[in-house]
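Analysis of the macromolecular model
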Amino acid sequence: MDREQLLDRVDRPWRAFVAAFTGLNVEAMTSPEIDGWSVKDLIGHVASWEEEALKALPLVLEGRRPPRYGGIDRFNAGQIEMRRSQTLYQVVKELKDTHSRLLHYLEAAPEAAFLTETRFRHRLRLDTYSHYPEHTEAVLAWRKARGK
Ligand code: NI
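As a starting point, this report considers the structure included with it. Here the residue numbering is sequential within each chain, running from 1 through the sequence in written order. It should be noted that, the model being predicted, local features are given only for residues of pLDDT at least 70 and side-chain atom pairs only at 80 or more, the latter also being counted only at that level, while totals for whole chains, interfaces and linings use all residues. Just so you know, side-chain values use all the structure's heavy atoms and leave hydrogens and water out.

Before going further, it helps to examine the coordination of the nickel ion. Taken together, the protein ligands of the nickel ion are His45 (NE2), His131 (NE2) and His135 (NE2), with distances of 2.1 Å. Counted as coordinating are nitrogen, oxygen and sulfur atoms within 2.8 Å of the metal, or 3.2 Å for Na, K and Ca, while water is not included, which may make sites look incomplete. When the donor residues of the nickel ion are listed from N- to C-terminus, their spacing reads H-x85-H-x3-H. Of this pair, histidine 45 sits in helix H3 (residues 39–61) while histidine 135 sits in helix H8 (residues 132–146), placing them 90 residues apart in sequence. A simple rule labels every residue: compare its accessible area, found with a 1.4 Å probe on the protein chains alone, to the largest value its type can have, and call it buried under 20%, exposed over 50%, or partly exposed in between. Judged by its relative accessible area of 7%, histidine 135 falls in the buried class. Strands are runs of DSSP state E lasting at least two residues, helices are runs of H or I lasting at least four, and both sets are numbered from the N terminus onward.

To continue, consider the environment of leucine 7. Take leucine 7: it is sitting in helix H1 (residues 3–21). By relative accessible area, leucine 7 is classed as buried at 19%. For the pair leucine 7 and glutamate 107, spaced 100 residues apart in the sequence, the C-alpha separation amounts to 8.2 Å. By definition in these notes, contact holds between two residues if any of their heavy atoms fall within 4.5 Å. Other than its neighbours up to four places away in sequence, leucine 7 contacts Leu103, Leu106 and Glu107.

This next bit is on the nonpolar core. Of all hydrophobic cores here, the largest spans 37 residues; its most connected members are Phe21, Val39, Ile43, Leu95, Leu106, Phe120 and Leu124. Put simply, the parts of the chain that give this core at least two residues each are H1, helix H2 (26–29), H3, helix H5 (88–108), helix H6 (112–115), helix H7 (119–127) and H8. Considering every element that reaches this core, the biggest residue donor is H3, with nine residues. Think of a nonpolar core as a cluster: buried Ala, Val, Leu, Ile, Met, Phe, Trp, Tyr and Cys residues, connected wherever their side-chain atoms sit within 4.5 Å.

A few words on the packing of aromatic side chains. Put simply, two rings from Phe, Tyr or Trp (the six-membered ring, in Trp's case) pair if the centres are within 6.5 Å, and we call them stacked under 30 degrees between planes, edge-to-face over 60, tilted for the rest. Tallied over the entire structure, the rule returns eight aromatic pairs. Ring centres of phenylalanine 17 and phenylalanine 21 lie 5.5 Å apart, and the angle between their planes is 75°; on these two criteria the pair is classed as edge-to-face. Placement of both phenylalanine 17 and phenylalanine 21 in helix H1 is noted, with a separation of four residues, approximately one turn of the helix. Take phenylalanine 17 and phenylalanine 21: they sit in the same class, and that class is buried.

To define axes, lines are fitted to C-alpha atoms, for helices over the stretch in contact only, and angles between the resulting N-to-C directions are given on a 0 to 180 degree scale. As a packed pair, H1 and H5 sit with axes 11 Å apart at the nearest point and diverge in direction by 170°. With respect to H5, the element H1 is oriented roughly antiparallel. Residues Arg3, Leu6, Leu7, Val10, Trp14, Phe17 and Phe21 of H1 lie in contact with H5, whose contacting residues are Leu95, His99, Leu103, Leu106, Glu107 and Ala108. By the definition adopted for this analysis, an angle is roughly parallel if under 35 degrees, roughly antiparallel if over 145, roughly perpendicular if from 65 to 115, and oblique otherwise.

Further remarks concern the pattern of salt bridges. The term salt bridge refers to a pairing of a side-chain nitrogen on Lys or Arg with a carboxyl oxygen on Asp or Glu at a separation within 4 Å. For the structure shown, the criterion picks out 13 salt bridges. Between aspartate 41 and arginine 84 there is a salt bridge, with its nearest N and O atoms 3.0 Å apart. In this pair, aspartate 41 is assigned in helix H3 and arginine 84 in the loop between helix H4 (72–83) and H5, connecting sequence segments 43 residues apart. The exposure class assigned to aspartate 41 is buried, which follows from its relative accessible area of 9%. With relative accessibility at 43%, the residue arginine 84 sits in the partly exposed group. A salt bridge links glutamate 51 to arginine 83, with the shortest nitrogen-to-oxygen separation between them at 3.4 Å.

Next comes the structure, spelled out in structure tokens:
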């Protein structure tokens, strides 16, 4: 997979994720109706894993260990809690800023890191293109069920 293909693989499900919440009003986006999470929570959650990718990928490239999370569920809950006091606007901005930083990082990363199924590509996939669809589907299913 070359750089262009990799960026495309990140971009498609990313656009689908953003499209899934586009057009919802603030009330809909802040109602915790998706397994106890709101769309705003999910946005912060996706941003938090992109931030983790930005911390982990450089370490993976150096052959070092990425941070450990002491239980993914606890980490996720902590990240949601941390963003409770932030506005929807702030969380959406964080998502977009983080994504843009990640793209810049990927544009500059050595291509050898993703030509084959390396630890780098594996980690990137988990934090981005195999992560977004899970939450895209949850948002779309909730919108359909609620007629939103
Ligand atoms: Ni997730």
